Amino acid sequence: MARKIQQHWENSGYTITSVGGFDVGHPTINGISQPDGYTLALVWTEGDGLYLAATSPCLWPDGKAPDPAG
């Protein structure tokens, strides 16, 4: 599963910043989506769980999203 996710990220043009743990069955992949700059991570955890994490570069000065009505 982790290799498929890595392949998808690469095919989508994401920058892979680190890969490890495949040789011991504990995959970890870190990357940055393009062009929006989200940081992505796929991490193995005890119990053979895979977790997907992401951060967003989007921040509003006052902490609130703009009103869609304008």
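For the structure itself, look to the data block above.
This text gives an overview of the structure that appears in the document.

Rules and cut-offs
Residues numbered from 1 in each chain as written. Predicted model: local features only at pLDDT ≥ 70, side-chain atom pairs only at ≥ 80, totals over all residues. Heavy atoms only, no water. Helix = DSSP H or I, 4+ residues; strand = E, 2+ residues; numbered from the N terminus. Buried < 20%, exposed > 50% of the residue type's maximum accessible area, 1.4 Å probe, protein only. Phe/Tyr/Trp six-rings, centres within 6.5 Å; stacked < 30°, edge-to-face > 60°. Lys NZ or Arg CZ within 6 Å of the ring centre and 35° of its normal. Pairing = 2+ DSSP bridges. Axes fitted to C-alpha atoms, helices over the stretch in contact; angles between N-to-C directions. Contact = heavy atoms within 4.5 Å.

Observations regarding unusual backbone geometry
A cis geometry characterises the amide bond from Gln34 onward to Pro35, with omega recorded as 5°. Backbone geometry at Asp48 places phi at a positive 60°, although glycine is not the residue there. Within the element layout of this structure, Asp48 appears in the loop between β3 (39–45) and β4 (49–55). Assessed through its relative accessible area of 63%, Asp48 is described here as exposed.

Quick word on the packing of aromatic side chains
Here the structure, examined in full by the defined rule, presents zero aromatic pairs. A cation over an aromatic ring shows up here: Arg3 above the ring of Phe22, its NZ or CZ 3.6 Å from the ring centre.

A short note on the sheet that holds β4
In space, the four strands of this open sheet follow the order β1-β2-β3-β4, with antiparallel pairing throughout. Two strands close off the open sheet at either side, each with one partner strand: β1 (15–20) and β4. Averaged over all pairs of adjacent strands, the angle between strand axes in this sheet comes to 15°, irrespective of strand direction. Of the pairings in the sheet, the one linking strand β2 (residues 28–32) to β3 comprises five bridges and is antiparallel in character. In the strand pairing of β3, Thr28 is matched with Val43. Along the sheet, helix α1 (residues 2–11) makes contact with β1, β2, β3 and β4, crossing β3 at roughly 170°.

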